[in-house]
Amino acid sequence: MKSLRRPPIVGRFLAEEVALASRNSGMPLEALRYDVTPVGLHYLLIHFDIPAVEAAQWTLPILGCVDHPTTFSLADLQALPQRTVRVTLECAGNGRAQLTPRNASMPWVEEGVSTAEWTGTPLAEVLKKAGLQQSVCEVVFTGADIGIDRGVEQTYARSLRVSDALHPDVLLVWAMNGQPLLPQHGAPMRLIVPGWYGMASVKWLSKIEAVTQPFQGMQQVVGYHFRAQPEDAGVPCTQIRVNALMVPPGIPDFFSRQRFLKPGLVNIQGRAWSGGGVPITRVEFAVNGQWRDAQLHRAEASPWAWRGWSCDWQASTGTHVLAVRATDANGHVQPDQPVWDIAGFGNNGMQTVTVQVNAATQQ
Ligand SMILES: Nc1nc2c(c(=O)[nH]1)N[C@H]1C(S)=C(S)[C@@H](COP(=O)(O)O)O[C@H]1N2
Ligand SMILES: [Mo]
């Protein structure tokens, strides 16, 4: 597919990046304190415009190579078996703004991650009813949002291989944290693909199609690939890489966001997660390059949700660089430095927070 790559950016942020960042809010890092992110603090990533979809008129056709093509209403889907799954979603572009040069796109620093409780019906139930034919290799999910990306007019769409689509925790979701989905999160119905970067969880679903050839949509074959060079075939972004964040301690300066803290004992808190349902096995915390093990909190019942951790630190007067890094059960550890990618995908370089500790600070 021919598409125009936007020129990379070095240095100051463009007005276009600021505009994207204003539309697509991140989760403030102090919200890491919640096991489940309150709906209004959950990060947002919307490529085009939020489409106008009326729940009462909305229907979901299941088409393509199925024995029984069916069109479901919201009520039809809500009458099927349902489950609620706690899932940490992270945008594949999270951390992009830390890279140089950086891709001209949503300039996430580190806040494109959140956790919610998603309620819906397993996609497998609906596909079983439709009867996937033997020849089907992928299932394509199309949203109701349309726009132009790199010169190509398109409807946001992504596919999953049949084996991934049939996972019992892949859900057609109508509720988030027990409330009906809000417009910005894909109302009235979205897909949730636990353990994968967020791009797979298609919002505002308008149709599902079973196909016999790999889907060639732009967000599937051009977008969301790890590439070192523009001409590389690339490796598709799928499962979330191991990552961790801390709640920056102390109080911030309004503009610079520099942190200030009084001397004494501080309990540093954060979350760690990895994709594919792979558990976190270790979190380390460093002060000025001196690493120690943090305490892992009780694992969540859901293998798809982040895990809490904490670490006591005796803060002494001076300027200190705090850092955190996690390891997962596959032995993957976060790199010290971001690994550069042309589009800024999959940056799981460790977070650092600089704090100034002095007795003049009241907090
Ligand atoms: N239809 C549609 N689905 C979409 C998107 C989109 O722009 N359109 N963005 C994707 C991306 S890149 C991410 S990270 C998640 C974000 O979901 P959230 O906004 O509910 O956090 O939605 C995904 N699903
Ligand atoms: Mo994303």
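These figures come from a predicted structure and were not determined experimentally.

Right, let's talk about the site of ligand 1 for a bit. Close to ligand 1 lie 18 residues; H47, D145, H185, R190 and K203 are nearest. A distance of 2.7 Å separates an oxygen atom of ligand 1 from a polar side-chain atom of H47. Protein burial of ligand 1: of its 530 Å² of free accessible surface, 100% is covered by the chains. Partitioned by chemical class, the residues of the shell around ligand 1 number 10 nonpolar, 5 polar and 3 charged.

Below, the discussion takes up the side chain of N347. Along the chain, the position of N347 falls in the loop between β21 (318–328) and β22 (351–357). Judged by its relative accessible area of 5%, N347 is buried. Only 3.2 Å separates the side chain of N347 from the side chain of Q98, close enough to count as a polar contact.

Take the domain arrangement of the protein next. Domain annotation for the protein reports domain 1 (15–230) and domain 2 (243–357). For domain 1 and domain 2, the distance between their C-alpha centres works out to 27 Å. Listed as interface residues are 39 residues of domain 1 and, on the opposing side, 25 residues of domain 2. Together domain 1 and domain 2 conceal approximately 2,800 Å² of surface at their shared face, both sides included; 58% is due to carbon and sulfur atoms. By the criterion of area lost to domain 2, the three top residues of domain 1 are L32, R86 and L99, representing 22% of everything that side buries. Where domain 1 packs against domain 2, one counts 2 salt bridges. In this structure, R86 and E300 form a salt bridge, with 2.9 Å as the shortest nitrogen-oxygen distance. Taken together, the links from domain 1 to domain 2 amount to 22 residue pairs in polar contact (both at pLDDT 80 or more). Of all the elements in the fold, those that place two or more residues in the side of domain 1 that touches domain 2 are β3 (83–90), β4 (113–122) and β11 (225–226). Of the residues forming the side of domain 1 that touches domain 2, the biggest block, 5 residues, is contributed by β3.

Scanning the model with the defined rule gives 3 aromatic pairs in all. Ring plane angle 25° and centroid distance 5.1 Å describe the contact between Y224 and F345, whose orientation is recorded as stacked. One end of the pair, Y224, is in the loop between α5 (218–221) and β11; the other, F345, is in the loop between β21 and β22, and 121 residues separate them in sequence. Considered together, Y224 and F345 belong to a single accessibility category, that of buried residues. Look at W273 and W306: their rings are 6.2 Å apart centre to centre, the planes differ by 55°, and that puts the pair in the tilted class. One end of the pair, W273, is in strand β16 (residues 264–273); the other, W306, is in the loop between β19 (295–296) and β20 (307–315), with 33 residues separating them in the sequence. The class of W273 is buried, set by a relative accessible area of 2%. The ring centre of F226 lies 4.1 Å from the NZ or CZ of R241, which sits over that ring. The lysine or arginine in question, R325, covers the ring of W291, its NZ or CZ lying 3.8 Å from the ring centre.

With that out of the way, let us pick up the sheet that holds strand β15 (residues 259–261). The 6 strands are arranged β14-β15-β22-β21-β17-β18 in an open sheet whose pairing can be described as mixed. The sheet terminates laterally at β14 (251–252) and β18 (290–293), the two strands that pair on one side only. One ladder, built from 7 bridges, connects β21 with β22; its direction is antiparallel. Following the sheet pairing, L322 is matched in β22 by V353.

As a further point, take the confidence of the model for the protein. Per-residue pLDDT for the protein averages 97, and the proportion of residues at 70 or more is 99%. Within the protein, the element-level pLDDT minimum falls on α5, averaging 96, and the maximum on strand β9 (residues 190–192), averaging 99.

The next point concerns the nonpolar core. The tendency in soluble globular proteins is for nonpolar side chains to be buried side by side. Within the largest apolar cluster, 52 residues are counted, with the highest numbers of intra-cluster contacts made by L77, L123, F141, L172, L191, M199 and I208. Residue assignment for this core shows that the elements contributing at least two residues are β1 (59–64), α2 (74–78), α3 (123–130), β5 (138–149), β6 (152–161), α4 (162–165), β7 (171–176) and β10 (205–211). Leaving out residues up to four positions away in the same chain, F141 has contacts with L123, Y156, A157, R158, S159, L160, L191, V202, L205, K207 and I208. Membership of the second largest hydrophobic core comes to 22 residues, among which are I268, W309, A315 and V324.

This paragraph deals with the sheet that holds strand β2 (residues 70–73). The strand order across the open sheet formed by 5 strands is β2-β1-β10-β5-β6, and the pairing between neighbours is mixed. Of all the strands in the sheet, just β2 and β6 have a single pairing partner and so form its edges. Across this sheet, the average inter-strand angle for adjacent strands is 25°, counted without regard to direction. Pairing between β1 and β10: 3 bridges, direction parallel. Residue pairing in the sheet places G64 in a bridge with A210 of β10. Against the sheet, α3 touches β1, β2, β5 and β10, its axis set at about 55° to β1.

Thresholds applied
Residues numbered from 1 in each chain as written. Chains lettered and ligands numbered in written order. Predicted model: local features only at pLDDT ≥ 70, side-chain atom pairs only at ≥ 80, totals over all residues. Heavy atoms only, no water. Near = heavy atom within 4 Å. Polar contact = N/O pair within 3.5 Å; in protein donor to acceptor, adjacent residues only side chain to side chain. Areas by Shrake-Rupley, 256 points an atom, 1.4 Å probe, with all protein chains shown as cover. Nonpolar A, V, L, I, M, F, W, Y, C, P; charged D, E, K, R; others polar. Helix = DSSP H or I, 4+ residues; strand = E, 2+ residues; numbered from the N terminus. Buried < 20%, exposed > 50% of the residue type's maximum accessible area, 1.4 Å probe, protein only. Domains from an automatic or database assignment. Contact = heavy atoms within 4.5 Å. Buried area = accessible area lost by both parts, 1.4 Å probe. Salt bridge = Lys/Arg side-chain N within 4 Å of Asp/Glu carboxyl O. Phe/Tyr/Trp six-rings, centres within 6.5 Å; stacked < 30°, edge-to-face > 60°. Lys NZ or Arg CZ within 6 Å of the ring centre and 35° of its normal. Pairing = 2+ DSSP bridges. pLDDT = per-residue confidence, 0-100. Core = buried A, V, L, I, M, F, W, Y, C linked by side-chain atoms within 4.5 Å. Axes fitted to C-alpha atoms, helices over the stretch in contact; angles between N-to-C directions.

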